[in-house]
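Next come the chains, spelled out residue by residue.
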Amino acid sequence: MENNNASSSSLGPGGLDLTSAFFKPIQNSDPPIPTNRCTKISVVGVGNVGMAIAQTILTQDLADEIALVDAKPDKLRGEMLDLQHAAAFLPRTKITASVDYDVTAGSDLCIVTAGARQNPGESRLNLLQRNVALFRHIIPPLAKSSPDSILLIVSNPVDVLTYVAWKLSGFPVNRVIGSGTNLDSSRFRFLIADHLDVNAQDVQAFIVGEHGDSSVALWSSISVGGIPVLSFLEKQQIAYEKQTLEDIHQTVIGGAYEVIGLKGYTSWAIGYSVASLARTILRDQRKIHPVTILARGFYGVDGGDVFLSLPALLGRNGVVSVTNVHMTDEETEKLQKSAKTILEMQTQLGL
């Protein structure tokens, strides 16, 4: 099953080409120049998360073509048609869909959201074994169809599955990225902004480590409008409760669980989060995002090829570099502990 939104011009009697009837060509013009500049994004998995990502990418005009892949042909075709029917309200984008990974050929960015849905109260790490088996059927054909693409993993547990995708794809480490704590950091910035009654875009704050229970809030490097928050409070001799900071972090960790408990799944925030990563990568924006990357050798993380979130500079070739964010000894220790938590899961896979 495959279809797209490119209409045929042969609609007249006997296959008459109606284009020449509707449009008058410009005289003495050059023929169209063949170009490979079209940007193609593939989204694997058309569940709530995958479609929120596809919809956000469409509305933000980030791709010339979007390819959708899923194991359920009826659901897949329905989602494709639903998006195509909005063509009059969206930038012109070719939308294709298939259960076959050939439809993803030539993608610049492959976004993987397919996986078992996280149940209320279920730890992300408990999803691991169910999703690893699925990835064995997803990553190799994706890598074969688009050998020069960047893989962006969204499926949970995202840190371990980004490692799995790296091993199964054979791609260099700069071209395998996980959505990681990009959304966690957005929740973090929102909560701090809410406390201070400022715009979240004026808050610089990172959550690093595991996208999950052992994540680390980098309080020491938080700034609002260029003002380092904690050092400012100390210089002004303004007292603050460390427990208040910890409560904010726990609210970040529980954010996804709360949404899942209330509506059954998360979708819109992760859609915007992944679209922001797609924009940075495909338009070579050189922005810093806390995303899942190979962390070995950074901030004292060692012991194996562990993937976790660090503030990374992203561009058209994927990961450009890792930012040297200041961390206290306590934060570094927590990050290394988070790395050990993830590494324990990775070592059980035998990849």
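Residues numbered from 1 in each chain as written. Predicted model: local features only at pLDDT ≥ 70, side-chain atom pairs only at ≥ 80, totals over all residues. Heavy atoms only, no water.

A. Seen up close, the packing of aromatic side chains. Tallied over the full model, the rule gives four aromatic pairs. Judged by centre distance (6.3 Å) and plane angle (50°), the ring pair of Tyr163 and Trp166 falls under tilted. Remark: Trp166 and Tyr163 occur in helix 5 (residues 158–169); sequence separation between them is three residues, near one turn of the helix. Both residues of the pair, Tyr163 and Trp166, count as buried. Here the aromatic rings of Phe188 and Trp219 are separated by 5.0 Å at their centres, their planes lie at 85°, and the arrangement is edge-to-face. Separated by 31 residues along the polypeptide, Phe188 in helix 6 (residues 182–196) and Trp219 in the loop between strand 9 (216–217) and strand 10 (223–224) bring together distant segments of the chain. Residue classification places Trp219 among the buried residues on the basis of a relative accessible area of 14%. Aromatic rings pair up to connect Tyr163, Trp166 and Phe307 into one cluster. Lying across the ring of Phe171, Arg175 places its NZ or CZ 4.5 Å from the centre. (Phe/Tyr/Trp six-rings, centres within 6.5 Å; stacked < 30°, edge-to-face > 60°. Helix = DSSP H or I, 4+ residues; strand = E, 2+ residues; numbered from the N terminus. Buried < 20%, exposed > 50% of the residue type's maximum accessible area, 1.4 Å probe, protein only. Lys NZ or Arg CZ within 6 Å of the ring centre and 35° of its normal.)

B. Quick look at helix 5. End to end, helix 5 covers 16 Å across 12 residues, agreeing with the expected 16 Å (1.5 Å per residue, within 8%). Counting buried positions over the 12 residues of helix 5 gives 10, a clear majority of the element. Val158, Asp159, Val160, Leu161, Thr162, Tyr163, Val164, Ala165, Trp166 and Ser169 are the residues of helix 5 that are buried. Structurally, helix 5 contributes buried residues whose contacts are with helix 4 (128–145), strand 5 (150–153), strand 6 (176–178), strand 12 (287–294), strand 13 (307–315) and helix 10 (329–347). Residue Gly170 follows helix 5 closely and has a positive phi angle near 75°. (Expected span 1.5 Å × (residues − 1). Contact = heavy atoms within 4.5 Å.)

C. Examining the UniProt feature "active site" (unreviewed entry) in the protein more closely. With numbering aligned to this structure, UniProt lists the feature "active site" (unreviewed entry) at His211. Relative to the assigned elements, His211 resides in the loop between strand 8 (207–208) and strand 9. (UniProt positions renumbered as here; feature names shortened; annotations may be inferred.)

D. Spatial organisation of the pattern of salt bridges. Taken as a whole, this structure holds six salt bridges when the rule is applied. In this structure, Lys75 and Glu79 form a salt bridge, with 2.7 Å as the shortest nitrogen-oxygen distance. Of this pair, Lys75 and Glu79 both sit in helix 3 (residues 73–84), four residues apart, roughly one helical turn. On the accessibility criterion, Glu79 (18% relative accessible area) is buried. As a salt-bridge pair, Asp305 and Arg296 come within 2.0 Å of each other at their nearest N and O atoms. Look at Asp305 and you get partly exposed, because its relative accessible area is 22%. By relative accessible area, Arg296 is classed as partly exposed at 45%. (Salt bridge = Lys/Arg side-chain N within 4 Å of Asp/Glu carboxyl O.)

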